[in-house]
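Observations on the three-dimensional arrangement
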Amino acid sequence: MIAGLLFLAFAFFAVAQAATVRNGGQTAADAAALGAAEDDRRQFFDGFLDAVEAERGWQDWLTAVAPLTGDGCDAAAHFADRNRSDLLTCDPVTRDGDLGYRVGIETRFDTGRTIVPGADNRTAEATATAVLRPRCVAEDPDGDGTGDDSSDGDESDENGTDGTGDDSDGGRGDDSDDSDDSDDSDGDGPGEVRLRCDGEDLTIDPEHAGRDLNPSDLFSVVLVE
């Protein structure tokens, strides 16, 4: 009787140990997949900042279609290793148009010795898939951030010149308007990028694009499998 109870206790312990190994393996796979996608996110973010500063081509980076120089599999291996596991596979995938990675790992930790036949020193394998999703869309397709303000200003200048009938006065008026515009340029200057991110407005000044902006502001990384 006592021997039977002890056997059941050790059997339950072996089952619990196996579940712990499986859960640890899934945690390692999730971390590896997320790490790979986050590595791509950093590349897209850095490329976006460079393109915004150059004031050209940033839309491709914002929508995550620009070509990258490397992949996130090195990052996947790093995060698998941090969770005491080895990266077995790492494949770029697309899920519903979103780029990501599907990874497979095997744990370096195991169940240890048990009294259950065939359950000794068993490792676990697990897979996970994570994708990168752009969060923002451009409010101004041209990306100049100026809207129609400049054309409105020209019309008012022309009206002011016609009203006075004095070209020289009109010229001085234009200079004054230009100086006022330059004073207010910090609020709505040429080259600003206006985005709509998850329902909220975001304006980026090319001269200070990376000051208060994080990769997670532009892209989310999620597990999908």
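Structure: above.
A quick note: this is a predicted structure, and the numbers were derived from the prediction, not measured. Every chain begins its residue count from 1, and numbering advances along the sequence as written. Only residues with pLDDT of at least 70 get local features here, since the model is predicted, and only at 80 or more are side-chain atom pairs given and counted; chain-wide, interface and lining totals rely on the full set of residues. The side-chain figures draw on all heavy atoms in the structure; neither hydrogens nor water molecules are used.

**Let's talk about the overall build of the protein**
Think of it this way: any DSSP run of H or I at least four residues long counts as a helix, any run of E at least two long counts as a strand, and we number them from the N terminus. Counting its secondary structure elements, the protein contains seven helices and seven strands. Counting from the amino terminus, the protein carries its helices and strands in the arrangement α-α-α-β-β-β-β-α-α-α-β-β-α-β. Whether two residues touch is decided by their heavy atoms; if any such pair falls within 4.5 Å, the residues are in contact. Sequence separation of 24 or more characterises 68% of the internal contacts of the protein that already satisfy a separation of 6 or more. If you sum the accessible surface of the protein, you get close to 13300 Å²; carbon and sulfur atoms cover 47% of it. All accessibility values rest on the Shrake-Rupley procedure with a 1.4 Å probe; residue burial counts only the protein chains present in the view.

**Things to note about the state of the cysteines**
For this text, the term disulfide refers to a pair of cysteine sulfurs within 2.5 Å. Evaluation of the coordinates by the stated rule reveals two disulfides. Covalently, C73 is tied to C90 through a disulfide, its sulfur atoms 2.2 Å apart. Judged by the sign of its S-S torsion, about -90 degrees, the cystine formed by C73 and C90 is left-handed. With C73 in helix α3 (residues 73-82) and C90 in strand β1 (residues 85-95), the pair connects residues that are 17 residues apart, well separated along the chain.

**Topic: the sheet that holds strand β6 (residues 200-204)**
Strand pairs in the sheet, formed through backbone hydrogen bonds, run parallel or antiparallel to each other. Here we have three strands laid out as an open sheet, ordered β4-β5-β6, and antiparallel in their pairing. Each of the sheet's edge strands pairs with one partner strand only, and the pair in question is β4 (136-138) and β6. In this sheet, neighbouring strand axes are inclined to one another by 35 degrees on average, regardless of whether the strands run parallel or antiparallel. Here β4 runs beside strand β5 (residues 193-197); their pairing, made up of three bridges, is antiparallel. The partner of V137 across the bridge, within β5, is R196. Between any two strands, at least two bridges found by DSSP are needed for them to pair. Fitted lines through C-alpha atoms give the axes, limited to the stretch in contact for helices. The angle between two N-to-C directions lies from 0 to 180 degrees.

**A look at the environment of F79**
Along the chain, the position of F79 falls in helix α3. With 44 residues separating them along the chain, F79 and G35 place their C-alpha atoms 6.5 Å apart. Ignoring sequence-local partners within four residues, the contact set of F79 consists of A31, A32 and G35.

**Considerations on the pattern of salt bridges**
Here, a salt bridge means any side-chain nitrogen of Lys or Arg that lies within 4 Å of a carboxyl oxygen of Asp or Glu. Enumeration over the complete set of coordinates arrives at eight salt bridges. For R42, the salt bridge identified is with D46, shortest N-O distance 3.4 Å. In this pair, R42 and D46 both sit in helix α1 (residues 2-54), four residues apart, roughly one turn of the helix. Taking the relative accessible area as the measure of exposure, D46 reaches 33% and is therefore partly exposed. Each of D81, D86 and R108 takes part in one network of salt bridges that share partners. Each residue's exposure class comes from its accessible area (1.4 Å probe, protein chains only) as a fraction of the maximum for that residue type: buried when under 20%, exposed when over 50%, partly exposed otherwise.

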